[in-house]
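One letter stands for each residue in the lines below.
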Amino acid sequence: MSRIPATFERLARAGRKALIPFFSVGDPSLALCVPTMQAMVSGGADILELGVPFSDPMADGPTIQRSSERALKNGVSLQDVLNAVTRFRQTDDQTPVVLMGYANPIERMGRERFADQCASAGVDGVLVVDYPPDEARELGKLLRPHGIDSIFLLSPTSTDARIKEIAALASGYIYYVSLRGVTGASNMDPQEVARQIARIKTAATVPVGVGFGIRDGATAHLLAGVADAIVVGSRIVEEIEASAADEIPARVGALINLFRQAMDA
Amino acid sequence: MKIYDMPDPEGHFGPYGGIFVSETLIAAIDELKAQYLHYRDDPQFQAEFAYELKHYVGRPSPIYHARRLSDSLGGAQIYLKREDLNHTGAHKINNTVGQAMLAQRMGKKRIIAETGAGQHGVASATVAARYGMECVVYMGSEDVRRQAQNVYRMKLLGARVVPVESGSRTLKDALNEAMRDWVTNVQNTFYIIGTVAGPHPYPMMVRDFNSVVGRECLTQMPEMAGRQPDVVLACVGGGSNAMGIFYPYIPHESVRLMGVEAGGEGVASGHHAASLVAGSPGVLHGNRTYLLQDSNGQIIETHSISAGLDYPGVGPEHAWLKDSHRAEYVAINDDEALHAFHTLCRMEGIIPALESSHALAQAMKMAPAMGKEQILLVNLSGRGDKDMATVAERSGIAL
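Definitions and cut-offs
Residues numbered from 1 in each chain as written. Chains lettered and ligands numbered in written order. Predicted model: local features only at pLDDT ≥ 70, side-chain atom pairs only at ≥ 80, totals over all residues. Heavy atoms only, no water. Helix = DSSP H or I, 4+ residues; strand = E, 2+ residues; numbered from the N terminus. Rg over C-alpha atoms; globule rule 2.2 N^0.38 Å. Buried < 20%, exposed > 50% of the residue type's maximum accessible area, 1.4 Å probe, protein only. Contact = heavy atoms within 4.5 Å. Lys, Arg positive; Asp, Glu negative; His and termini not counted. Charge placed at Lys NZ, Arg CZ, Asp CG, Glu CD. Areas by Shrake-Rupley, 256 points an atom, 1.4 Å probe, with all protein chains shown as cover. Pairing = 2+ DSSP bridges. Axes fitted to C-alpha atoms, helices over the stretch in contact; angles between N-to-C directions. Polar contact = N/O pair within 3.5 Å; in protein donor to acceptor, adjacent residues only side chain to side chain. Core = buried A, V, L, I, M, F, W, Y, C linked by side-chain atoms within 4.5 Å. Arc of directions from axis to C-beta. 1 Å grid on protein atoms, 1.4 Å probe; cavity = no way out; pocket = protein on both sides within 12 Å on 5 of 7 lines; lining within 4 Å. Points joined across faces, edges and corners; volume = space filled by probe spheres on them. Nonpolar A, V, L, I, M, F, W, Y, C, P; charged D, E, K, R; others polar. Buried area = accessible area lost by both parts, 1.4 Å probe. Salt bridge = Lys/Arg side-chain N within 4 Å of Asp/Glu carboxyl O. Phe/Tyr/Trp six-rings, centres within 6.5 Å; stacked < 30°, edge-to-face > 60°. Lys NZ or Arg CZ within 6 Å of the ring centre and 35° of its normal.

**Student:** Can you walk me through the overall build of chain A in this structure?
**Tutor:** Looking only at helices and strands, chain A has twelve helices and nine strands in total. Against the 2.2 N^0.38 benchmark of 18 Å for 265 residues, chain A shows a C-alpha radius of gyration of 17 Å, consistent with a compact globule. In terms of its C-alpha atoms, chain A occupies a principal-axis envelope of roughly 40 × 40 × 35 Å. The burial tally for chain A puts 63% of its 265 residues in the buried class. Here the analysis covers contacts within chain A between residues at least 6 apart in sequence; of these, 73% occur between residues at least 24 apart. Computed over 26 positive and 31 negative side-chain charges, the inter-centroid distance for chain A is 3 Å.

**Student:** Explanation requested: the overall build of chain B in the structure shown.
**Tutor:** Assigned secondary structure in chain B consists of 16 helices and 14 strands. The C-alpha radius of gyration computed for chain B amounts to 19 Å, which stays within 12% of the reference 21 Å derived for 399 residues, consistent with globular compactness. If one aligns the C-alpha atoms of chain B with their principal axes, the spans along those axes are about 55 × 50 × 45 Å. Burial status across chain B gives 65% buried among its 399 residues. At a minimum sequence separation of 6, the contacts of chain B that also span at least 24 residues come to 73%. Surface summary for chain B: the accessible area is close to 13,800 Å², and the carbon and sulfur share equals 51%.

**Student:** Which parts of the structure should I look at to understand the sheet that holds strand β7 (residues 174-177) of chain A?
**Tutor:** Residues and elements named next belong to chain A. One open sheet holds the nine strands; their spatial order is β5-β4-β3-β2-β1-β9-β8-β7-β6, and the pairing between them is parallel. Each edge of the open sheet is held by one strand with a lone partner, namely β5 (149-150) and β6 (152-154). As defined by bridge partners, strand β1 (residues 18-24) adjoins strand β2 (residues 48-51) across three bridges and the pair is classed as parallel. Looking across to β2, one finds that Phe23 is bridged to Leu50. Against the sheet, helix α12 (residues 248-264) engages β1 and β9 (229-232), with an angle of about 155° to β1.

**Student:** Would you mind going over the environment of Ser381(B) with me for this structure?
**Tutor:** All names here are of chain B. With respect to the helices and strands, the residue Ser381 is situated in the loop between β14 (375-380) and α16 (388-394). Accessibility expressed as a relative area gives 4% for Ser381, which makes it buried. If sequence neighbours within four positions are ignored, Ser381 has contacts with Glu83, Asp84, Gly89, Ala90, His91, Cys235, Asn241 and Ser356. A distance of 2.8 Å separates a polar atom in the side chain of Ser381 from a polar atom in the side chain of Ser356.

**Student:** Would you take a moment to explain the nonpolar core for this structure?
**Tutor:** For soluble globular proteins, nonpolar side chains are generally found buried alongside one another. One finds Ile111(B), Trp182(B), Tyr191(B), Phe246(B) and Leu377(B) to be the most contacted residues of the largest nonpolar core, which totals 118 residues. With near-sequence residues (within four places) excluded, Tyr191(B) lies in contact with Gln99(B), Ile112(B), Ala113(B), Glu114(B), Leu175(B), Ala178(B), Met179(B), Trp182(B) and Tyr202(B). In this structure, Val25(A), Leu154(A), Ile200(A) and Val283(B) belong to the second largest nonpolar core, which totals 71 residues.

**Student:** Looking at this structure, how should I read helix α10 (residues 217-224) of chain A?
**Tutor:** Owing to its 3.6 residues per turn, the α-helix aligns residues three or four sequence positions apart on the same side. All names here are of chain A. Taken together, the buried positions of α10 are Thr219, Ala220, Leu223 and Ala224. The buried residues of α10 occupy an angular sector of 130° when the element is viewed end-on, so they sit on one face. Elements that come into contact with the buried residues of α10 comprise α9 (190-201), β8 (208-211), β9 and α12.

**Student:** Is there a simple way to think about empty space enclosed by the protein in this case?
**Tutor:** Residues and elements named next belong to chain B. Scanning the model with the defined rule gives eleven cavities of 30 Å³ or more in all. Looking at the largest cavity, its volume works out to about 380 Å³. Lining the largest cavity we find 31 residues, and of these His91, Lys92, Gly308, Leu309 and Glu355 sit closest to its centre. Secondary structure elements with two or more residues in the lining of the largest cavity: β5 (110-115), α5 (119-131), α8 (171-184) and α11 (240-246). Along the lines of polarity and charge, the residues of the lining of the largest cavity split into nine nonpolar, 17 polar and five charged.

**Student:** Can you help me understand the interface of chain B and chain A in this one?
**Tutor:** As a measure of interface size, the accessible area lost when the parts come together is often cited. Taken together, the 34 residues of chain B in the interface contact 35 residues of chain A. Roughly 2,900 Å² of surface becomes buried between chain B and chain A when both sides are summed, with 49% attributable to carbon and sulfur atoms. Of all residues in chain B, Glu23(B), Arg180(B) and Gln298(B) bury the most surface against chain A, accounting for 23% of the area lost on that side. When the shortest N-O distance is used, the salt bridge between Lys172(B) and Asp56(A) registers 3.0 Å. Where chain B touches chain A, the interface holds 19 residue pairs in polar contact (both at pLDDT 80 or more). At the level of elements, α1 (23-40), α8, β11 (280-284) and β12 (287-291) of chain B are the ones that each hand at least two residues to the side of chain B that touches chain A.

**Student:** Is there a simple way to think about helix α2 (residues 33-43) of chain A in this case?
**Tutor:** Residues and elements named next belong to chain A. Those residues of α2 lying buried are Cys33, Val34, Thr36, Met37, Ala39, Met40 and Gly43. Buried residues in α2 make contact with β1, β2, α4 (78-89), β3 (97-101), α11 (234-242) and α12. Positive backbone phi, at 120°, marks Gly44, one or two positions downstream of α2.

**Student:** Any chance you could explain the packing of aromatic side chains here in plain terms?
**Tutor:** Pairs of aromatic rings are described using the distance from one ring centre to the other and the angle between the two planes. Enumeration over the complete set of coordinates arrives at 13 aromatic pairs over all chains. Where Tyr175(A) meets Phe212(A), the ring centres are 6.0 Å apart and the plane angle is 85°; that geometry is what we call edge-to-face. Taken together, the positions of Tyr175(A) in strand β7 and Phe212(A) in the loop between β8 and α10 put the pair 37 residues apart, joining distant regions of the chain. Both residues of the pair, Tyr175(A) and Phe212(A), count as buried. The aromatic ring of Tyr56(B) is capped on one face by Arg130(B), whose charged end is 5.8 Å from the ring centroid. Against the face of Tyr131(B) rests Arg130(B), its NZ or CZ located 4.5 Å from the ring centre.

By themselves, these observations are geometric and do not establish any function.
Pasting the structure below:
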């Protein structure tokens, strides 16, 4: 089993919700990846989502696109992402790590090799943004023997039939995309989110997190009332963009702490 | 004749095609698929489509026997399917008319499109004006600079052209950006994809709307030449004009199908756009197909003198036709295409698009070694008026 279920159980016992920050590995540099991950954990993150850079991130808004482009300029590959997880595991064997990215780098590496490498690096979950359920099922068959979870997205436009299909495949947690659009957009309606999460929960047995468009502590606080986890991505990438390299771990850690405090308040 | 019934209900052409998109787009794609399947079998829709193709596009387009060119080569007879004579100057309009009619029936008031050279953008802006819809065209900022005239044409037709600054600032990035718009505005927006790529049902739907080209040829060739051609040739970027002419010929197994990709500065140089000839399978823009990618699965930048062929992927049905050996794919480089361009101008009084010049160049390469009674049918997919600046620049002439 991955580290994800135990993390949610521990949080549930404490009456807290999971805070899941996202950033792209290699933005602004590979060297800063592990220190940034560590700072996130110190700041109060429960699970880390690492973006695997891709040249054509179709589901992402401008902020994460730029972040992906910066990482690619540094020559960062899927192998580099896996190596970063290996290095992170030398100092942290508790915090779950989820890889989030697009199908092609995985296809290029080969699904079997990818699954094996995830296992040896210490990856806990994989979210392939553009895999349809049938393809994800095939990858899931390779990940499951290693105890690695298959994380899925659901959206406001997902039908009941689709929710059932995904709920049957998902492990770890389900990531509910809280708005119609790309990452970093700003047209989210908290009441609608609450209604949708309730709908998903009728089919899903795993925790349901919410992300896309959570930009401040107040929103995180509000949504922590209805979801099991809060995913913050574009806001963190903006902090990375706005910081000098040597300040990044400290500033990202402080930002995570703001979200943490708002969620726990 | 062998029955050919690709794709399967999930949009697979063998291992290729499919629906590789984020969950946020699934509902929109399901709706599109259901609506398209409904109207595909609706006689009223098909009758209106035929009417529009005849009276608005100007179909059927003729087939022309390029006698002087054929005689000069001393071998096979070259026939040209004159898609360049269509309204807006290329085959692209066949598909945009079909998709605009579908958008209208689905109650979508806003259409979006991606464009590289601007041909599909112009064809989309044209039908948007014709059907009274708002139109937004995404175009890489690099292409906006290179294709200023087409940008102005789109604006004249009432479209808004949005320059895309991400990635390589070309066609593939315009497609990414159009997808992002679609995810965000899916309730009122119809995305007109310009080629036989993207998630299912696009490859099938765009092929179907363009297959009028091949169906006309099936009737016209026996009338013109007394029989079907030995080889059908078409250029392949995304591959919509090629699928349009190939598809009705697939069951006619004695007819060779040949797709011609952009060899750029030569396939060995690495500066080309020949995904089928030199690429490998992967996932991009919603489907599995052949791609130009690096060893880490990142999509690499392409090169071609012809902006319309400058795309790192290719329609999944071509990937299947290649693997199943029903079609052959070759590459023609920039210089060969330019030579064919000038030859057709001088010898037949037809200025072809640089894209179509690739298919023509391959025919000119093959013809001399073939018998005089043999027939090469080239899809002359577009006219070259848009390419004046590019060709002049290559000859060192400032217009």
